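# Observations on chain architecture
One-letter residues, chain by chain:
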Amino acid sequence: MPTAVEFIAAVAPAYNAAAEHVSAVSVILRFNLALSDGRTVPYEIEVKQVGDRKAMAKERQPINLPEFCPQRHINSDGSFCLYWREVSNLDISDEETAHAWWGILWKFLTLQARVKKARRWPNQNEWAHGAAAVHQYRAELAAHELGGEYVIALKERRLSVVKKKRVLQLLKDKNHLYSVWLDSKKVVNLKQRCLCGSTGKKGRKRLRRCGSHASDASHLAMALLLWEIEEKAFWHSFRDRQCCGTCDNCPLQP
Ligand SMILES: [Zn+2]
Ligand SMILES: [Zn+2]
Ligand SMILES: [Zn+2]
């Protein structure tokens with residue numbers, strides 16, 4: 001069976017890309033990335049196999065992209081941080097999954113062209129950094145259970161958490177919605193009306209009697225807390241590194 005990298009190389013012609021095989025687990029891809037404004041950007045991407053069925057990519061020389069930029073999801077070794085959930089679980093084991101990988105690469109590079117122009121990572125699609133990504137994903141799942149209003153609020157970064165003694169408060173647009181005990185992770189007031197707004201015979205349902213919503217609310221608050229902690233740890237790990245200067249709101253020192 002071909003390796004993950006060989007599958008990626010095999011479908012390269014579909015992207016008008018040339019694939020130069022370095023070895024069974026390493027390939028150089030050359031292609032022109034077409035941008036929406038009509039410009040094309042020539043790219044040389046080095047792809048290396050990671051583990052059995054995954055692949056990492058980096059620009060061969062830092063020509064179009066900075067060498068390192070956590071804000072732009074470029075790791076300190078220049079590899080692209082493709083933490084989108086599609087790719088974090090993507091095993092490249094046939095042409096179809098190889099196309100999916102290319103799709104992510106394309107999305108990443110197209111996004112980079114937008115970032116270069118705007119000097120910021122587009123907020124709406126921002127993907128949490130490093131280990132924070134899994135908590136973002138969990139927060140999204142919980143918000144989805146609670147309803148569209150929460151999905152949107154999460155996306156627009158209007159949900160936040162604050163620790164107050166033994167509880168964690170969840171705020172939406174700075175208004176307190178509910179609290180969760182930090183030790184048991186249970187919602188403090190289960191008699192409060194449910195967040196989803198659904199009604200039963202006696203008016204709006206209570207949180208504890210509204211399907212899985214009490215635990216969804218707890219998961220959401222905890223995920224937001226862990227996301228924040230991981231995000232801080234991520235930036236802290238780069239505290240001695242210099243900013244590449246291509247983003248206006250980079251938390252790294254100039
Ligand atoms: Zn940077
Ligand atoms: Zn990242
Ligand atoms: Zn509910």
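Residues numbered from 1 in each chain as written. Chains lettered and ligands numbered in written order. Predicted model: local features only at pLDDT ≥ 70, side-chain atom pairs only at ≥ 80, totals over all residues. Heavy atoms only, no water.

Summarising the metal site, the zinc ion (ligand 1) is bound by the protein donors Cys69 (SG) and Cys244 (SG), whose distances to it range over 2.3 to 2.4 Å. Placement of Cys69 in the loop between strand E4 (54–59) and helix H2 (85–88) and of Cys244 in the segment after helix H6 (213–236) is noted, with a sequence separation of 175 residues between them. Given the relative accessible area of 1%, Cys69 is considered buried. (Donors = N, O, S within 2.8 Å, 3.2 Å for Na, K, Ca; no water. Helix = DSSP H or I, 4+ residues; strand = E, 2+ residues; numbered from the N terminus. Buried < 20%, exposed > 50% of the residue type's maximum accessible area, 1.4 Å probe, protein only.)

On to the packing of helix H4 (residues 132–146) against helix H5 (residues 148–155). At their nearest, the axes of H4 and H5 sit 6 Å apart, and the two run at 145° to each other. Side by side, H4 and H5 meet where Ala139, Glu140, Ala143, His144 and Leu146 of the first sit next to Tyr150, Val151 and Leu154 of the second. Within the contact of H4 with H5, the residues separate by chemical class into six nonpolar, one polar and one charged. (Axes fitted to C-alpha atoms, helices over the stretch in contact; angles between N-to-C directions. Contact = heavy atoms within 4.5 Å. Nonpolar A, V, L, I, M, F, W, Y, C, P; charged D, E, K, R; others polar.)

Splitting the chain by domain gives domain 1 (4–124) and domain 2 (132–236). Taking the mean C-alpha position of each, domain 1 and domain 2 sit 35 Å from one another. (Domains from an automatic or database assignment.)

This brings us to the sheet that holds strand E7 (residues 175–181). Spatially, E5-E6-E7 is the arrangement adopted by the three strands of the open sheet, whose pairing is antiparallel. Two strands in the sheet have a free side with no partner beyond their single neighbour: strand E5 (159–164) and E7. Pairwise comparison of adjacent strand axes, ignoring direction, gives a mean angle of 25° for this sheet. For strand E6 (residues 167–172) and E7, the ladder comprises six bridges, and the chain directions are antiparallel. Residue pairing for E7: Leu171 is matched across the bridge by His176. Across the face of the sheet, H6 comes into contact with E5, E6 and E7 while running at roughly 85° to E5. (Pairing = 2+ DSSP bridges.)

A few words now on the nonpolar core. By size, the foremost hydrophobic cluster in this structure holds 34 residues, and its most contacted members are Leu29, Phe31, Trp101, Trp102 and Leu109. Of all the secondary-structure elements, those providing two or more residues to this core are helix H1 (4–10), strand E2 (26–34), strand E3 (40–50), E4 and helix H3 (95–118). (Core = buried A, V, L, I, M, F, W, Y, C linked by side-chain atoms within 4.5 Å.)

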